[in-house]
Amino acid sequence: MRDIRLTSPVAGELIPLSEVKDPVFGSGAMGRGAAVKDPQGKVVAPFDGEVTAFFETKHAIGLKSTDGVELLIHVGMDTVKLKGEHFTAQAAQGDKVKKGQVLLTFDPAAIREAGYDTTTPVVVTNAAEFADITVELGGGSVTSHGAAEATGPAAAKVQQRAAADHAYDDLPDEQRVAKLIAKYVGGMENVRNAEHCATRLRLIVNDKSKIDEKAIENIDGVKGQFFAAAQYQIILGTGFVDKVFAEFVKGTNFSGVSNKEEAYAQMTTVQKISRTLGDVFVPIIPVLVATGLFMGLRGAAQSLGLEFSENVLRMSRILTDTAFAFLPALVCWSTTKRFGGTPVIGIVLGLMLVSPELPNAYAIAGGTAQPIPMDILGIEVPVVGYQGSVLPALVLGIFAAKLQKKLKTIVPDVIDLIVTPFLTLFISMLLGLLIVGPIMHTLELAVFGAVSAFLSLPFGIGGFVVGGLQQAIVVFGVHHVFNALEVQLLASTGVDPFNAIITGAIIAQGGAAAAVAARTQNKKKRALYISSIVPAFLGITEPVIFGINLRLMKPFLYALVGGACAGGLASFLHLAGTGMGITVLPGTLLYLDHLVPYILVNVVGFAVAFALTYLFFRPEED
């Protein structure tokens, strides 16, 4: 097999596929190549060839070179949901193209503003036909090495196919795969809805127990399968997924439109709450990450004996304190946007909660200010500012969004622009300051007190429990409930002990997977496992959980033990980060003034999980 070199079709920062935050691309299931972080908004042809696929949503392009290289360029993660918004096609499917020809332009800033990661995988989908694949960009390059023992496409899967499936052998590939998928998902009567993106068939099913996942993985043409976001996702590859989908939905009323609401309807109440909290807090986490890094750098510098002038300290406090002082504005903005209200109304309501006219919450806590007493129907209500609070802004944002949408159905269109915002702000402000704020703030203090007490249990018991369960909670899709608690901890205390516990749980998953790879003799499997392990060291565990540990079960359980030990140690040492959102290697920046304990927690998590898995797990070598 020959080596190939490709010029990246997108300008930006070239990174390995293993750093992509998507289990399909990150694990190499779609093929080998590289990815471009922070792309500059233009896709050009990297070689002379043909456009074999140009999706209606314009987010992905399939190309084939004159010498047989099949390439997929997938702009961003889950950008299929944008339905073509922010993308402009400059070519069409079937076009013959020359190297350097512009194929697509897009607006990276608008895509990120809409909440999507713009990292762009560039993968060779027929990678089994080549040895080393190198992608070059701006003097740098990323090389993925092919397995020496590579054989014909999907030969093992063909051999494993059940004898009863041979009846479909004479059908075209797309018909055969569609019929076999329908058979092994429990029949079409078990499928509630179906859609597809650039690479995957996405199904909502009525009964998961009817799915024969092993049989689906063994279908010649299927590259993998997994459950995510209440969808059963079957990896088929660019171009081929369109054909299979067309055959799969023949004779049905499935339109292929987004089934996000269908997926939401399939979630449990806890999953719905977690997903909602994730939708609210994930957009504001980058700001809190940046703030935490500033705090970590300042703390590290001061621990080294560096002294700063008052003006320099004042500037540093502006960097570290502003986000938390105006936290209700951020939370209320994100909540209002999530529930369909006008985001700017959410911003203003959040700012009202921290208005300079109100007594500052931090000053009240310090005893230098007093609440303003207001008499409401004979009941004295203390009116205060809500600096650093989460729950009052969260509930108020939900109420304001619902109120605004209700008013729009009542207020005549001719005065809607004036009356609706006025009534929304006026009613929400009174409710927030006089009713919602006091009640939610009291509840918030109670929850915060309970969480703090639990994490302060002697001998690190609280951290042991959280560290042991955190990655199991990730599997069930309800881990976003921690976001609100972490934000509240940071706002109230300036540090986040959850982050230190979680990093131990994450690195433990990587340790267990590393042991599996070390014990695996099959070179192709080991290479795939290693490519999934690398993201765990960057804080991304989905590839190792769904690709290795959970599928083999015992490594996952051993990793939970490793996470419990690391979490218990973190609590015992009272370790806490100055921010949230980043863990393991990137998380080091949050612990610059407590670096040795942080490294120790990570080493313990990795070592325990690795040792248990290596000693007690025996991988099956097929």
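Calculation notes
Residue indices begin from 1 for each chain and proceed along its sequence in written order. Residues qualify for local features only when their pLDDT is at least 70, as the model is predicted, and side-chain atom pairs are given and counted only at 80 or more; totals for whole chains, interfaces and linings, by contrast, use all residues. The basis for every side-chain value is the complete set of non-hydrogen atoms in the structure, without hydrogens or water. Here a strand is any run of E in DSSP of at least two residues, a helix any run of H or I of at least four, and the numbering for each starts at the N terminus. We compute the radius of gyration from the C-alpha atoms alone; for a globule the expected value is 2.2 Å times N to the 0.38, where N is the number of residues. Exposure categories follow from relative accessible area, calculated using a 1.4 Å probe and restricted to protein chains: below 20% of the type maximum is buried, above 50% is exposed, and the middle band is partly exposed. Contacts are residue-level and defined by heavy atoms, with any inter-residue pair within 4.5 Å sufficient. Calculation of accessible area relied on Shrake-Rupley with a 1.4 Å probe; when residues are assessed, cover is drawn exclusively from the protein chains displayed. His is not counted, nor are the chain ends; Lys and Arg add positive charge and Asp and Glu add negative charge. In this description, the location of a charge corresponds to atom NZ of lysine, CZ of arginine, CG of aspartate or CD of glutamate. Buried Ala, Val, Leu, Ile, Met, Phe, Trp, Tyr and Cys residues form a nonpolar core when they are joined through side-chain atoms within 4.5 Å. Only when DSSP finds a minimum of two bridges between them are two strands counted as paired. Axes, fitted as lines to C-alpha atoms, cover a helix only where it is in contact. Angles between the N-to-C directions of the axes lie from 0 to 180 degrees. In a left-handed crossing the near helix is turned counterclockwise from the far helix by less than a right angle, and in a right-handed crossing that turn is clockwise. Each residue is assigned to one of three groups, with Ala, Val, Leu, Ile, Met, Phe, Trp, Tyr, Cys and Pro labelled nonpolar, Asp, Glu, Lys and Arg labelled charged, and all others, Gly among them, labelled polar. This arc describes the spread of directions from the helix axis toward the C-beta atoms. Just to be clear on terms, a salt bridge is a Lys or Arg side-chain nitrogen sitting within 4 Å of an Asp or Glu carboxyl oxygen. You can read pLDDT as the predictor saying how much it trusts each residue, on a scale of 0 to 100. Patch membership needs two things, relative accessible area over 30% and no salt bridge, and members are linked within 9 Å if like-charged or within 5 Å if nonpolar (Val, Leu, Ile, Met, Phe, Trp, Tyr).

**Overview of the overall build of the protein**
From N to C terminus, the protein includes 23 helices and 19 strands. Taken against the 2.2 N^0.38 rule, which gives 25 Å for 622 residues, the C-alpha radius of gyration of the protein at 27 Å falls within 12% of a compact globule. By its C-alpha atoms, the protein is 85 × 65 × 50 Å across when sized along the principal axes. Considering the protein as a whole, with its 622 residues, one finds that 49% of them fall into the buried category. Put simply, 72% of the contacts in the protein that link residues at least 6 apart link residues at least 24 apart. As presented, the protein carries roughly 28,100 Å² of accessible surface, and 62% of it is formed by carbon and sulfur atoms. Across the protein, 48 positive and 53 negative side-chain charges occur, with their mean positions spaced 3 Å apart.

**Comments concerning the nonpolar core**
Membership of the largest hydrophobic core comes to 52 residues, with the highest contact counts inside it found for Phe 281, Leu 327, Val 331, Val 487, Phe 498 and Leu 575. Not counting chain neighbours up to four residues away, the residues in contact with Phe 498 comprise Val 451, Leu 455, Val 466, Phe 482, Leu 485, Glu 486 and Leu 489.

**Examining the sheet that holds strand S5 (residues 49–54)**
Sheet strands pair by backbone hydrogen bonding; their relative direction is either parallel or antiparallel. What the seven strands build is an open sheet, ordered S2-S3-S11-S7-S6-S5-S9; its pairing is antiparallel. Among the strands making up the open sheet, the edge pair consists of strand S2 (13–15) and strand S9 (96–97). One ladder, built from five bridges, connects S5 with strand S6 (residues 60–65); its direction is antiparallel. Pairing of Phe 54 across the sheet is with Ile 61, part of S6.

**Regarding the packing of helix H12 (residues 343–353) against helix H15 (residues 413–455)**
At their nearest, the axes of H12 and H15 sit 10 Å apart, and the two run at 30° to each other. The chirality of how H12 crosses H15 is right-handed. Along its contact with H12, which presents Ile 345, Val 348, Leu 349, Met 352 and Leu 353, the element H15 presents Pro 421, Thr 424, Leu 425, Ser 428, Met 429 and Leu 433. Broken down by class, the residue content of the contact of H12 with H15 amounts to nine nonpolar, two polar and no charged.

**Section: helix H6 (residues 240–248)**
Considered for burial, the residues of H6 that qualify are Phe 240, Val 241, Val 244, Phe 245 and Phe 248. Each buried residue of H6 sits inside an arc of 130° when the element is viewed along its axis, so together they form one side. As for H6, its buried residues are in contact with helix H4 (173–184), strand S14 (191–196) and strand S15 (200–205).

**A few points about the pattern of salt bridges**
One pass over the structure, following the stated rule, counts ten salt bridges. Across the salt bridge formed by Lys 96 and Glu 50, the nearest N and O atoms sit 3.3 Å from each other. Of this pair, Lys 96 sits in strand S9 while Glu 50 sits in strand S5, and the two are 46 residues apart along the sequence. Close ionic contact of Asp 279 with Arg 338 constitutes a salt bridge, the shortest N to O distance being 2.9 Å. In this pair, Asp 279 sits in helix H8 (residues 269–281) while Arg 338 sits in helix H11 (residues 327–338), placing the two residues 59 residues apart along the sequence. The partly exposed category is assigned to Asp 279, whose relative accessible area is 29%. Look at Arg 338 and you get partly exposed, because its relative accessible area is 28%.

**With respect to the environment of Pro 586**
On the secondary structure map, Pro 586 appears in helix H22 (residues 584–587). On the basis of relative accessibility, which here comes to 26%, the residue Pro 586 falls in the partly exposed class. Residues Pro 586 and Leu 538 lie 48 residues apart in sequence; the distance between their C-alpha atoms is 6.3 Å.

**Structural notes on the pairing of strand S11 (residues 120–124)**
Most of S11 sits out of view: five of its five residues are buried. Of the two faces of S11, the one lined by Thr 120, Val 122 and Val 124 and the one lined by Pro 121 and Val 123 are each fully buried. One ladder, built from five bridges, connects strand S3 (residues 32–37) with S11; its direction is antiparallel. Bridge pairing in S11 places Arg 32 opposite Val 124.

**Regarding the sheet that holds strand S13 (residues 140–144)**
Pairing within the open sheet is mixed, and its three strands lie in the order S1-S12-S13. Of all the strands in the sheet, the pair left with one neighbour each is strand S1 (4–7) and S13. Across the sheet, the mean angle separating the axes of adjacent strands is 20° when strand polarity is ignored. As judged from the four bridges shared by S1 and strand S12 (residues 133–137), these two strands associate in the parallel manner. Bridge pairing links Leu 6 to Val 135 in S12.

**A few points about the confidence of the model for the protein**
Taken residue by residue, the protein gives an average pLDDT of 86. The fraction at 70 or more is 91%. In this model residues 148–163 is a low-confidence stretch, pLDDT under 50, and it forms 18 contacts with partners more than four residues away in sequence or in other chains.

**Some details on a nonpolar patch on the surface**
A cluster of nonpolar side chains, namely Phe 454, Leu 457, Phe 459, Ile 461, Phe 464, Val 465, Leu 469, Phe 572, Leu 573 and Leu 600, defines an oily patch on the protein surface of about 940 Å² accessible area. Among the elements that line the nonpolar patch, the one with the most residues is helix H16 (residues 461–475), at four residues. Looking at where Phe 459 falls in the secondary structure, it is placed in the loop between H15 and H16. Classification of Phe 459 as exposed rests on a relative accessible area of 71%.

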